[in-house]
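Listed below, chain by chain, are the residues.
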There are 6 protein chains.
Amino acid sequence: METAIIDQIDNKVPFYQATGKEVDIFTHTYNNKIPLLLKGPTGTGKSRFIEHMAAKLNKQLITVSCHEETSATDLIGRFIIKGAETVWMDGPLVTALKTGAILYLDEIAEARPDVIVAIHPLTDHRKEIFIDKLGTSIKAHPDFTLVASFNPGYQKGYKELKPSTRQRFAAISFNYPDAATETAIIVKETNLDEDTAKKLVKIAEKIRNLKELGLTETVSTRLLVDAAFLIKSGLPKRLSVKTAVIEPLTDELEVIDALVDLSNLIL
Amino acid sequence: METAIIDQIDNKVPFYQATGKEVDIFTHTYNNKIPLLLKGPTGTGKSRFIEHMAAKLNKQLITVSCHEETSATDLIGRFIIKGAETVWMDGPLVTALKTGAILYLDEIAEARPDVIVAIHPLTDHRKEIFIDKLGTSIKAHPDFTLVASFNPGYQKGYKELKPSTRQRFAAISFNYPDAATETAIIVKETNLDEDTAKKLVKIAEKIRNLKELGLTETVSTRLLVDAAFLIKSGLPKRLSVKTAVIEPLTDELEVIDALVDLSNLIL
Amino acid sequence: METAIIDQIDNKVPFYQATGKEVDIFTHTYNNKIPLLLKGPTGTGKSRFIEHMAAKLNKQLITVSCHEETSATDLIGRFIIKGAETVWMDGPLVTALKTGAILYLDEIAEARPDVIVAIHPLTDHRKEIFIDKLGTSIKAHPDFTLVASFNPGYQKGYKELKPSTRQRFAAISFNYPDAATETAIIVKETNLDEDTAKKLVKIAEKIRNLKELGLTETVSTRLLVDAAFLIKSGLPKRLSVKTAVIEPLTDELEVIDALVDLSNLIL
Amino acid sequence: METAIIDQIDNKVPFYQATGKEVDIFTHTYNNKIPLLLKGPTGTGKSRFIEHMAAKLNKQLITVSCHEETSATDLIGRFIIKGAETVWMDGPLVTALKTGAILYLDEIAEARPDVIVAIHPLTDHRKEIFIDKLGTSIKAHPDFTLVASFNPGYQKGYKELKPSTRQRFAAISFNYPDAATETAIIVKETNLDEDTAKKLVKIAEKIRNLKELGLTETVSTRLLVDAAFLIKSGLPKRLSVKTAVIEPLTDELEVIDALVDLSNLIL
Amino acid sequence: METAIIDQIDNKVPFYQATGKEVDIFTHTYNNKIPLLLKGPTGTGKSRFIEHMAAKLNKQLITVSCHEETSATDLIGRFIIKGAETVWMDGPLVTALKTGAILYLDEIAEARPDVIVAIHPLTDHRKEIFIDKLGTSIKAHPDFTLVASFNPGYQKGYKELKPSTRQRFAAISFNYPDAATETAIIVKETNLDEDTAKKLVKIAEKIRNLKELGLTETVSTRLLVDAAFLIKSGLPKRLSVKTAVIEPLTDELEVIDALVDLSNLIL
Amino acid sequence: METAIIDQIDNKVPFYQATGKEVDIFTHTYNNKIPLLLKGPTGTGKSRFIEHMAAKLNKQLITVSCHEETSATDLIGRFIIKGAETVWMDGPLVTALKTGAILYLDEIAEARPDVIVAIHPLTDHRKEIFIDKLGTSIKAHPDFTLVASFNPGYQKGYKELKPSTRQRFAAISFNYPDAATETAIIVKETNLDEDTAKKLVKIAEKIRNLKELGLTETVSTRLLVDAAFLIKSGLPKRLSVKTAVIEPLTDELEVIDALVDLSNLIL
């Protein structure tokens, strides 16, 4: 319920290191108002990318983190009781429609089915939504754009997107950055010395290649950044990597031991 | 809940390229007030067709996009609180019954079972519905017509329609248009040059024939139109096809690579 | 919820073509107030039969189309808010009990379990129901009769009736009419020429015998009547049969093609 | 919800034909206030027996037909809105506790778990219930007795009683009466001639022995009584048996045909 | 909901025949305020034991019979409407916390998960509970003690206790008493002659050893006491044992017959 | 619901015996405001550790014990009715955000999915939460820190944390202390003589190594402390160990007997 975050428009463009043509693609889908789906595993920068693009285009970004109980009402709005009165409160979708903001539905596949259906008329030529509780129709502001994210790496037990929804979006696949880019990100965000940053990236690459470990997800750049902060803060390097990179990945003690050995060899 | 869209009647008949006898069939089922079911995969123009026919017949169209939580109450109406009073608000079904509009239940199989039962008395000789919350019966306006859509391509995990419901509708199967028609649609909608439009259609045909890929659904005309818009907007052709046609179809990186190779050969 | 239909008593006895002893049986179970269960597939005239008998006996008929969410409250009644007051509104069961009407529970097996239990005391020597919300007991009018329908053809995934409920009803099996009767029904309802009506019935018989197609249900008389209306209205015969008879039966394109060939041979 | 039936105490003792020691057993468990469970298939007279015993002992009987949604609140009572006031309404259990009636929970295993727990303190030395909504405790009237019924014949998919509940009851098994008793019941209830009644009982015995048919339940005395009424009313004997005995047992047409042959041989 | 029973403190110590060191253990866990779990099958005296100990220690006992719908709110309290006012009503847990009573959660594993979590802070060094609806914290009275029961004999389909909950309790296993003790209990409770009481115990022992019968639970002392009451009341011995001991154990007629033979040999 | 516990800040630092680098790690993640996940089996001191660290840092600790029904509303706050007014009451998360407390989500994997999502924006660079019921955004106090616990030992039937959540936390694995540390804890908490404390620890080690018993969890230090209290209180040593250590671990009588033999050999 309480998951919409409305960014104020300011001049700060958050740092984002492009790893492909995603900036070009976004610019064109945005200009054509084609809804866009950002696909990729945890921590590959999807949310950071959309914040970066919104700031660059000087557009307001409204983020809704979807979960199993996110409903159309959460997006569209509801009557709430204020003192003795009942007042209507626009949800983040309606706010975005009216102001021409970018609406970002993070992890859209997690949401309840009425969310998916509620956005359908906004993804084709109609660009209009009917709010039955108000009895009125709202036409999208010409700048309104819909962006969503989806993690296709969850291969079992997680929710899929229906094809009839997928085909309403253009899409970009996100993945981990290459070594040079990832090193640059760490240095830029934490001021860690480049040499140690390179070693952190090397550890990440080694672990990412260990397919046989059966990890559900692997090392994200975010984990490396956390490790870098701990090192800068004075925690020993090896303990920092164990705490911020290895322990979050698995609970099996033998796997943890093996990964600690691997990282200690490099550091 | 908030999914009913009431089109205003105007003189604009949306473009629709017939691919079979569907206009004739609709005209006769409409004249006989026989409920009609539009069957077919995503993006084959079912919704566009019904909008076209409603405009041509100069009839109001009321669309309800059904989902797993659409209930009879959503269709029939409910009491809502307005200030200090409780007022009844007709749902889209009752509005259509009173005004003689065409009611279009998009993806009817997704709706809750009481929706299906609520429409039963409107699909046989009774043409009448009893609203117990009001204690009154509503007789259908003589022009009232029921149309629904259904995607039979969902072969696993999706909902079926009960035979006792199916047999209350006449039906039309929709499919992808032939190459000439599809090219014409792309050119007409996006002003793309005919030569590139032909190539987009060729790519679509190739992918549609790759049954061994195990795609849940395949390329719709809508995806081709999106690609055409991106090309017109200046994004390179190959990147446009990857973004708007291939990425929406699958998340498997090897399949994406194979489809990119295939499309690059043609473009 | 909004599914009860209360027929006014008038002198119009709807056309019903008996196919067995069902009129005699009904007359005797009605005279003895033994609850009656009408069993049979979709479109074999169960609902039409009960409407016919009610009109013939000059009795009011109250129909409730049951579905997965039909509850005892829907049948018995509830308090509703009218302006500033709370008023009790009898449900269709209580109305029938008071007025001595015939209560017809269509597709009773679909209803919630409390519906089944609520009618138990009305199906044995007690003939009385206690309404706890009112704190009063209602004795059935001597003419009150309970009739229900059930489709035993749904062999998988559909609900069964508990034996302790079944044994509270006498029962009649309904099936498709013989060729002469079915032809007569089509001619009588649509004014189609007898020759074409015979051909429609022949097509239906052929399809009904194609057990190997694995259709969940087969051609009902209702589908033939729809085809006849489309033919009378001017749609070509073959297209009418495809639209009204074949497309509603299946979504598999090869099966549709085979059935179209079969019907074209006859027409 | 609306399932409690409160019998008035009058002098009419309903006819009940004992088939074993059940009258003796009931008298002693009643005198010792030991809760009693009546076990047996549908239509073996469990409900009739308890009505008979209550009338004979000149005690009020309160019957609750349990189903999947029967809750402790349904038994104990609730606040209801009467005009502008909220008033407490005793449920059938509290009424029985206060007046010393016999409370009969028909098909107790169907009820929700809180029902089972709510009666626990009434089945041991405590004989007292605490009503938290009122903040008061109610001690059972010394005559209060609890009786429940349970159908152990449902071997799959139906609910069991927890052992910790079962062991709070003494129990009697009910079964179909022997031929002489069953004939006497039919004659007594319907005035059918004894010869035909004997034939009906013979048909029932034949069907009950056909274990290979896989019927979930078999012919109850109630079905024979219905057939007898139809015969008395003038419906042909064979049609009466088909309608009232055979059709309620099964929907498989071959089984119906076989049973009709069997019954026609006897009649 | 309505399941809390608050015993008044009086001088009557209910009869309890110890079968092991349970009185010593309870005294020490009580003195150390270590929560205690009473484990064992139905009818082994767990509830009787806690009543006995509470009376002996002259402490108030508050019993909550848990079931699948028992929630933290049921234990902690709720706002209820009294006339026009909303008043807070302490639940049994808060009452016990304030007054220093013994809180007995009977069949704790059946309760909803928030019950388990609600008692966690009362089972470690914190001994305090925060009531968010009131915005206040309640510190346990120094005499407050938590006791719970659990039936580990339910091996399939019943709920388990999470290890993180189990490890918050010390525990005692309860089982059936030895022959001499069980005979003494029967004589003491029912005044049956000792000779017959011994025979009842012998029957119980025989049945308890028949592991091959596959009974979910076996004969409890409670069943023997019921049989003794019926015998004292004049019902024949064999019929008393059948009714009070054998019929409650099973519904399979062959098993009942075998157990009747076995008991008749002894009586 | 009623599970938040707000510790007052006082100077009492609860005893905690470090078993690794956890104090260092916590200090650095706390200083960097990196969310921290405490992983490990029941009774390894996770909750005690966080209480110790909060007291040492002189920070308020707010604990929420999560369970299957803990929702975002429970954390964020709700409108409650106070007399005739509706007032907003901050939940524990908002209180922690405003005051800069440490929020400890105990057993976070048990909570409902909206809890997980609600904390996401607090675990990355945003550090801000939007409360839609109030229409306002709350920025985290610079001292606000999020800590959660998780028991990875539950290998079947228990909930997992999604990788996209795990990767938002640094993590520490907790395990049982070594023999010397565990002995010191027992002596310190209960004043038991060191010799007996050593024997208790020896028993624990033996049982922890009996992997073949298939215990879901094994002996925690908490159980040893309880046993020590009972011994100090005068209960015989062997009985104390049986009651406080062995009975909580298992219900299988043979396993209990084997563990009793094992412990008797040592004591």
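Structure: see above.
This structure is a prediction, so every number in the text was calculated from the model and none was measured.

Criteria and thresholds
- What you see as residue numbers is a count from 1 along each chain, following the sequence as written.
- To read the labels, note that chains go from A and ligands from 1, taken in the order they are written.
- Local features in this predicted model are restricted to residues whose pLDDT is 70 or higher, and side-chain atom pairs enter the listing and the counts only when it is 80 or higher, whereas totals over whole chains, interfaces and linings include all residues.
- Processing note: side-chain calculations cover all non-hydrogen atoms of the structure and skip hydrogens and water entirely.
- Aromatic contacts are taken between Phe, Tyr and Trp rings whose centres are within 6.5 Å, Trp giving its six-membered ring; a plane angle under 30 degrees counts as stacked, one over 60 as edge-to-face, and the others as tilted.
- Each helix corresponds to a stretch of at least 4 residues labelled H or I by DSSP, and each strand to a stretch of at least 2 residues labelled E; elements are numbered beginning at the N terminus.
- The classification of residues rests on relative accessible area computed with a 1.4 Å probe and restricted to protein chains. Under 20% of the type maximum is buried, over 50% is exposed, and intermediate values are partly exposed.
- Note on geometry: a ring has a charge over it if NZ (lysine) or CZ (arginine) is within 6 Å of the ring centre and within 35 degrees of the ring normal.
- A fitted line through C-alpha atoms serves as each axis, taken over the contacting stretch for helices, and the angle formed by two N-to-C directions is quoted from 0 to 180°.
- Angles below 35 degrees are treated as roughly parallel, those above 145 as roughly antiparallel, those between 65 and 115 as roughly perpendicular, and all remaining angles as oblique.
- Here is the rule for handedness: rotate from the far helix to the near one, and if that takes an anticlockwise turn smaller than a right angle the crossing is left-handed, while a clockwise turn gives right-handed.
- In this analysis, two residues are considered to be in contact whenever any of their non-hydrogen atoms come within 4.5 Å of each other.
- Just so you know the grouping, Ala, Val, Leu, Ile, Met, Phe, Trp, Tyr, Cys and Pro go in nonpolar, Asp, Glu, Lys and Arg go in charged, and all remaining residues, Gly too, go in polar.
- Only residues with pLDDT of at least 70 in both copies count here: their C-alpha atoms drive the least-squares fit that superposes the copies.
- Here the quantity called buried area is the accessible surface, traced with a 1.4 Å probe, that two parts lose on coming together, added over both.
- By definition, a salt bridge exists where a carboxyl oxygen of Asp or Glu is found within 4 Å of a side-chain nitrogen of Lys or Arg.
- Pairing of N or O atoms within 3.5 Å defines a polar contact, subject to two protein rules: one partner must be a possible hydrogen donor and the other a possible acceptor, and residues neighboring in sequence count only if both atoms are side-chain atoms.
- Pairing between strands is defined by DSSP: at least two bridges between them are needed.

(A) Examining the packing of aromatic side chains more closely. Overall, the coordinates contain 24 aromatic pairs over all chains when judged by the stated rule. Between C:Phe26 and C:Phe49, the ring centres sit 5.9 Å apart and the planes meet at 90°, which makes this aromatic pair edge-to-face. With C:Phe26 in helix α1 (residues 22-32) and C:Phe49 in helix α2 (residues 46-56), the pair connects residues that are 23 residues apart, well separated along the chain. The exposure class of C:Phe49 is buried, given its relative accessible area of 0%. Following the ring pairs from residue to residue traces out a cluster consisting of A:Tyr16, A:Phe26, A:Tyr30, A:Phe49 and A:Phe174. The ring centre of E:Tyr30 lies 3.3 Å from the NZ or CZ of E:Lys33, which sits over that ring.

(B) Seen up close, helix α1 (residues 22-32) of chain A. Taken as a whole, α1(A) has its buried residues at A:Glu22, A:Val23, A:Ile25, A:Phe26, A:His28, A:Thr29 and A:Tyr30. Backbone geometry just downstream of α1(A) places A:Lys33 in the positive-phi region, at approximately 55°.

(C) Structural context of the packing of helix α1 (residues 22-32) of chain B against helix α2 (residues 46-56) of chain B. All names here are of chain B. Put simply, α1 and α2 touch, their axes get as near as 11 Å, and they point 60° apart. Overall, the two elements α1 and α2 adopt an arrangement that is oblique. For α1 against α2, the interelement crossing comes out right-handed. Each of Glu22, Val23, Phe26 and Thr27 in α1 lies in contact with α2, whose residues at this interface are Phe49, Ile50, Met53 and Lys56. Here the contact of α1 with α2 is built from residues that sort into 5 nonpolar, 1 polar and 2 charged.

(D) Broad picture of the relation of the copies chain F and chain A. Take chain F, turn it by 60°, move it 0.0 Å along the axis, and it overlays chain A with an RMSD of 0.1 Å. Here the symmetry operator amounts to a six-fold rotation axis.

(E) Structural view of the interface of chain F and chain A. Of the residues lining the interface, 41 residues belong to chain F; the matching set on chain A comes to 43 residues. Between chain F and chain A, a total of about 3800 Å² is buried, with carbon and sulfur atoms accounting for 54% of that surface. There are 3 salt bridges connecting chain F and chain A. For A:Asp251, the salt bridge is made with F:Lys39, and the minimal N-O distance between the two is 3.0 Å. The interface formed by chain F and chain A holds 11 residue pairs in polar contact (both at pLDDT 80 or more) in total. Every element with two or more residues in the side of chain F that touches chain A is listed here: α1 (22-32), α3 (72-76), α5 (113-119), β7 (128-131), α6 (163-166) and β10 (170-173) of chain F. The leading source of residues in the side of chain F that touches chain A is α1(F), at 5 residues.

(F) Representation of the pairing of strand β9 (residues 145-150) of chain A within the structure. All names here are of chain A. The buried fraction of β9 is high, at 6 of 6 residues. Burial along β9 is two-sided: the face carrying Thr145, Val147 and Ser149 and the face carrying Leu146, Ala148 and Phe150 are both buried. As judged from the 4 bridges shared by strand β2 (residues 36-39) and β9, these two strands associate in the parallel manner. When the sheet's bridge partners are listed, Leu36 is paired in β9 with Val147.

(G) Geometry of the interface of chain A and chain B. Of the residues lining the interface, 41 residues belong to chain A; the matching set on chain B comes to 43 residues. Each partner contributes to the roughly 3700 Å² buried at the junction of chain A and chain B, and carbon and sulfur atoms together form 54% of this total. If you sort the residues of chain A by the area they bury against chain B, A:Phe130, A:Asp132 and A:Gln167 come out on top, with a joint share of 18%. At the junction of chain A and chain B, the tally comes to 3 salt bridges. When residues of the side of chain A that touches chain B are traced back to their parent elements, those giving at least two are α1, α3 (72-76), α5 (113-119), β7 (128-131), α6 (163-166) and β10 (170-173) of chain A. No other element matches the 5 residues that α1(A) contributes to the side of chain A that touches chain B.

(H) Examining the environment of C:Ala244 more closely. By the secondary structure assignment, C:Ala244 is in helix α10 (residues 237-246). Its relative accessible area of 0% is what places C:Ala244 among the buried residues. A sequence separation of 16 residues divides C:Ala244 from C:Ala228, and the C-alpha atoms of the two residues are 8.9 Å apart. Other than its neighbours up to four places away in sequence, C:Ala244 contacts B:Ala170, C:Leu223, C:Asp226, C:Ala227 and C:Leu230.

(I) Inspection of unusual backbone geometry at higher detail. With a phi close to 60°, C:Asn58 is a non-glycine residue in the positive phi region. When you line up the elements, C:Asn58 lands in the loop between α2 and β3 (61-65). Positive phi outside glycine occurs at D:Asn191, with the angle close to 65°. You can see D:Asn191 is positioned in the loop between α7 (179-190) and α8 (194-209). Take D:Asn191: its relative accessible area is 59%, and that puts it in the exposed class.

Everything listed here is a matter of coordinates, which is why it stays silent on function.
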